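# What the coordinates show
Spelled out from the first residue to the last, the chains are:
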Amino acid sequence: DAGVGFLQSEGNILNVIYYDWEDDGHIHIDTHKENGERIFNNVLCKESNAYVITKEGSLLYLCISKGKNKCNIKVMNVKGKVKATYPVKLNKKMKKKANRWCRIEDIAVKGNKIYYVLKIARKKNDAYYLQSYDIKSQKTKKYKRLKGSDWQDWRFYGNNIYYYANNSKIEQYTLNGKKICSYQLPEGETSITAHILYLNNVTLEYNFSGYDVEGRYIYYCNRNGVYRCDTKGNKTFELIYSGADDLIFNPEYGNELHMNYFEVLENGDFYLFFESYDGGIIKEYLYMKEEQNTSVQ
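Residues numbered from 1 in each chain as written. Predicted model: local features only at pLDDT ≥ 70, side-chain atom pairs only at ≥ 80, totals over all residues. Heavy atoms only, no water.

### Topic: the overall build of the protein chain
Secondary structure assignment for the protein chain yields one helix and 26 strands. For 297 residues, the compact-globule estimate of 2.2 N^0.38 gives 19 Å, and the protein chain sits close to it at 20 Å. Every one of the 297 residues in the protein chain was classed for burial, and the buried ones make up 49%. By sequence separation, contacts in the protein chain at least 24 residues apart represent 37% of the contacts at least 6 residues apart. When the accessible surface of the protein chain is split by element, carbon and sulfur atoms take 45% of a total near 15400 Å². (Helix = DSSP H or I, 4+ residues; strand = E, 2+ residues; numbered from the N terminus. Rg over C-alpha atoms; globule rule 2.2 N^0.38 Å. Buried < 20%, exposed > 50% of the residue type's maximum accessible area, 1.4 Å probe, protein only. Contact = heavy atoms within 4.5 Å. Areas by Shrake-Rupley, 256 points an atom, 1.4 Å probe, with all protein chains shown as cover.)

### Some details on unusual backbone geometry
The backbone of Q138 shows a phi angle near 60°, a positive value even though the residue is not glycine. With respect to the secondary-structure elements, Q138 resides in the loop between strand 11 (127-134) and strand 12 (139-146). Given the relative accessible area of 54%, Q138 is considered exposed. Although it is not a glycine, K235 adopts a positive phi angle of roughly 60°.

### Remarks on the environment of N112
Looking at the element boundaries, N112 is found in the loop between strand 9 (101-110) and strand 10 (113-121). Note on N112: relative accessible area 37%, which makes it partly exposed. Along the primary structure N112 and I135 are separated by 23 residues, whereas in three dimensions their C-alpha atoms are 5.3 Å apart.

### Some remarks on the confidence of the model for the protein chain
Counting all residues, the mean pLDDT for the protein chain is 88, and 92% of those residues have values of 70 or more. Across residues 292-297, confidence stays below pLDDT 50; counting only partners more than four residues off in sequence or on other chains, it has 17 contacts. (pLDDT = per-residue confidence, 0-100.)

### Description of the sheet that holds strand 19 (residues 210-214)
Read across the sheet, four strands follow the order 19-20-21-22 without closing on themselves; strand pairing throughout is antiparallel. The strands lining the two open edges of the sheet, one partner per strand, are strand 19 and strand 22 (237-242). Strand-to-strand twist across the sheet, computed as the mean angle between neighbouring axes with direction ignored, equals 25°. Of the pairings in the sheet, the one linking strand 19 to strand 20 (residues 217-222) comprises five bridges and is antiparallel in character. Residue pairing for strand 20: D212 is matched across the bridge by Y219. (Pairing = 2+ DSSP bridges. Axes fitted to C-alpha atoms, helices over the stretch in contact; angles between N-to-C directions.)

### A short note on the pairing of strand 22
As paired elements, strand 21 (residues 225-230) and strand 22 share five bridges and run antiparallel to each other. Each residue of the ladder has a partner; that of R228, found in strand 22, is E238. Hairpin connection from strand 21 to strand 22: six residues lie between these consecutive antiparallel strands, with K235 at a positive phi of about 60°.

So, in structure tokens, the structure goes:
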């Protein structure tokens, strides 16, 4: 897809949201409801270099890139009306580091404060910062630089921020950047070798892992299946769905696909989204917790 963005659950509803700059700048919202109904909504966004960061109720939060060291946050409703624009401020040191571009990785709205992770892309060793913006005082506060490897994933869930590193651990932080806990991920293959039959059997390494947080639980997926960790309990991952006899987790030769998204709903159902390297094949699977079956679309 030209502008695939992200998946986001709201209770037991799943939203697939992306900005498509090849479709006259439309934001596409594909909502999957509990009863199987799907609602499609297209929102016009006239900004170039825009992408959706999150959806909060009827509001969309977008990052608008303005150059190598400039971007801002734009808030609009699902009808396309702009409600507010907030600046993202970099200090002199941060601007100096931004020799390629800067963007917001994830965002959380808590009352009058907006928390976000700012990524500053550089030729070597991208830099990440945790910041907040106070809507009332219109001031930006820099909390701290976030340290980690080049391959990292910072996400807000609830009143915490999580860092996913190298398929080995997930770290939990407060919104002020204070580390709370580190969770060791279970062993298992996190990639799969794809055999592209129509390209003379060329091989590619596809991702086959992901994580999500729902309430007090962290969910993690690899080739073994799906695990769950109780952050208020024993803080260890337990296998809740085995992929041993599942052709999605163990596909036949030539049918391997790249895992794009793993998303868990409030009721424990989970989605897996896959695609081929060229986007020619896209598959979506819904695993029902109660029925223990799989729905394919």
